[in-house]
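Observations on the model geometry
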Amino acid sequence: MSTDQPTPEPDEPRPNEPRPSEPGPSQPGPSQPGPGQQGPEQARPDQPGPSEQGLGEPGPGEPGPSEPGPGQAGAGEQPEGESFAKQQPPPSYGSPYGDAYGGAHGSADPLAGMPPLANRGRRLVARIIDALIVGIPVGLVLAVLVGDYDPVNNNDEATVMTIVYALVYFVYEGLMLTKYGQTVGKKVMKIRVAMLENGEIPAGQPGWLRAGTYSLPEIVPCCGFIFWLINVLWCTWDRPYHQCLHDKVAKTVVVSVPS
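It should be emphasised that the depicted structure is a prediction, and the values quoted were computed from it without experimental measurement.

Section: the packing of aromatic side chains
Overall, the coordinates contain seven aromatic pairs when judged by the stated rule. For the pair Tyr-165 and Tyr-169, a centre-to-centre distance of 5.8 Å together with 40° between the ring planes defines the contact as tilted. Of this pair, Tyr-165 and Tyr-169 both sit in helix α3 (residues 155–180), four residues apart, which is roughly one turn of that helix. With relative accessibility at 17%, the residue Tyr-165 sits in the buried group. The buried category is assigned to Tyr-169, whose relative accessible area is 2%. Put simply, the rings of Tyr-165, Tyr-169, Tyr-172, Tyr-214, Phe-225 and Trp-228 pair up and form one aromatic cluster. Of note, Arg-127 hangs over the ring of Tyr-214, and the distance from its end group to the ring centre comes to 3.6 Å.

Considerations on the nonpolar core
Judged by nonpolar contacts, Val-134, Val-138, Leu-142, Met-161, Tyr-165, Tyr-169, Tyr-172, Met-176 and Tyr-214 together constitute the single largest core of nine residues. No other element matches the five residues that α3 contributes to this core. Once you skip the residues sitting within four places of it in the chain, Val-134 turns out to touch Tyr-165, Val-168, Tyr-169 and Tyr-172. Counting residues in hydrophobic clusters, the runner-up holds seven residues, among them Ala-126, Met-189, Ile-191 and Val-193.

Quick notes on the pattern of salt bridges
Considering all chains together, one arrives at five salt bridges under this definition. The partner of Asp-238 in a salt bridge is Lys-248, with the nearest N and O atoms 2.8 Å apart. Taken together, the residues span a long stretch of sequence, with Asp-238 in the loop between α6 (223–233) and α7 (245–250) and Lys-248 in helix α7 at a distance of ten residues. Residue classification places Asp-238 among the buried residues on the basis of a relative accessible area of 6%. Taking relative accessible area as the criterion, Lys-248 reaches 37% and is therefore assigned partly exposed. Within this structure, Arg-123, Arg-127, Glu-173, Arg-210 and Asp-247 form a network of salt bridges that share partners.

Considerations on unusual backbone geometry
With omega at 0°, the peptide bond leading from Arg-239 into Pro-240 counts as cis. With a phi angle near 60°, Lys-251 is a residue other than glycine that sits in the positive phi range. If you trace the backbone, Lys-251 turns up in the loop between α7 and β2 (252–256).

Here's the deal with the side chain of Thr-183
Considering the arrangement of structural elements, one finds Thr-183 in the loop between α3 and α4 (184–189). With a relative accessible area of 0%, Thr-183 lands in the buried category. Those residues in contact with Thr-183 that sit more than four places away from it in its chain are Asp-130, Tyr-172, Glu-173, Met-176 and Leu-177.

Some thoughts on the pairing of β2
Burial analysis of β2 places five of its five residues in the buried class, which makes it a mostly covered element. Alternating residues of β2 divide into Thr-252, Val-254 and Ser-256 and Val-253 and Val-255, and every residue in both groups is buried. With five bridges joining them, strand β1 (residues 191–195) and β2 adopt antiparallel strand pairing. Pairing of Val-193 across the sheet is with Val-254, part of β2.

Some words on a nonpolar patch on the surface
On the surface, a cluster of nonpolar side chains totalling about 580 Å² of accessible area is made up of Phe-225, Ile-226, Leu-229, Ile-230, Leu-233 and Trp-237. For Leu-233, the position within the fold is in helix α6. A residue is classified by how much of its surface remains accessible, and Leu-233, at 40% relative accessible area, is partly exposed.

Calculation criteria
Residues numbered from 1 in each chain as written. Predicted model: local features only at pLDDT ≥ 70, side-chain atom pairs only at ≥ 80, totals over all residues. Heavy atoms only, no water. Phe/Tyr/Trp six-rings, centres within 6.5 Å; stacked < 30°, edge-to-face > 60°. Helix = DSSP H or I, 4+ residues; strand = E, 2+ residues; numbered from the N terminus. Buried < 20%, exposed > 50% of the residue type's maximum accessible area, 1.4 Å probe, protein only. Lys NZ or Arg CZ within 6 Å of the ring centre and 35° of its normal. Core = buried A, V, L, I, M, F, W, Y, C linked by side-chain atoms within 4.5 Å. Contact = heavy atoms within 4.5 Å. Salt bridge = Lys/Arg side-chain N within 4 Å of Asp/Glu carboxyl O. Pairing = 2+ DSSP bridges. Patch = residues over 30% accessible without salt bridge, like charges linked within 9 Å, V, L, I, M, F, W, Y side chains within 5 Å. Areas by Shrake-Rupley, 256 points an atom, 1.4 Å probe, with all protein chains shown as cover.

Keep in mind that these numbers describe shape and distance, not what the molecule does.
Set out below in structure tokens:
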């Protein structure tokens, strides 16, 4: 009985052994990813590979060249400190006539931003009304106190009348200007006194200085009347604000009141 059986050749795999090109039951093939692994064709499309990422593109978590980092200002932005320092101060709301009152801020027109200047005729009528308001009560009181009061033929009585009238007029005008910017006569004629710088009421020193420059020089004999006359006529040739001397001393101007 012959025992000759075909001997398997060394290159031929045994029946129970897998071929080299075929993966075993528990081994993944070269094109199939193992558990927890991704194949080369299943990589995320939104994440570029090392060779696809540009040199100028920032990596994940890094700010781009045009994006400022924390605490840094962008190319077209100013730092917070410089921006705050260059801000203009808020406009003042104290003046009813705006910021450019009297041609401020380098305006070519010295009357820019101002209401119309008061007419000289209205200013004269306002003075006459105020003179009557002060003069009539003062005359009546002196007539009662002195008795036979004749300021025309008695120089002493005329001097007393002038001094009392000037003092009363000074107090009257000073109080009215510092509180309202108008006397009764100016209210009737719809004009008012305003500070040349900002249009505000001449409260405090400017109002009293204006009233005193107008009325008190009359107390000085002879020269006082001459000064008073030049003072009230000064507005007829003054330019551009039509100021009297008491306006120039107090830095005020007389303007029309809007209806």
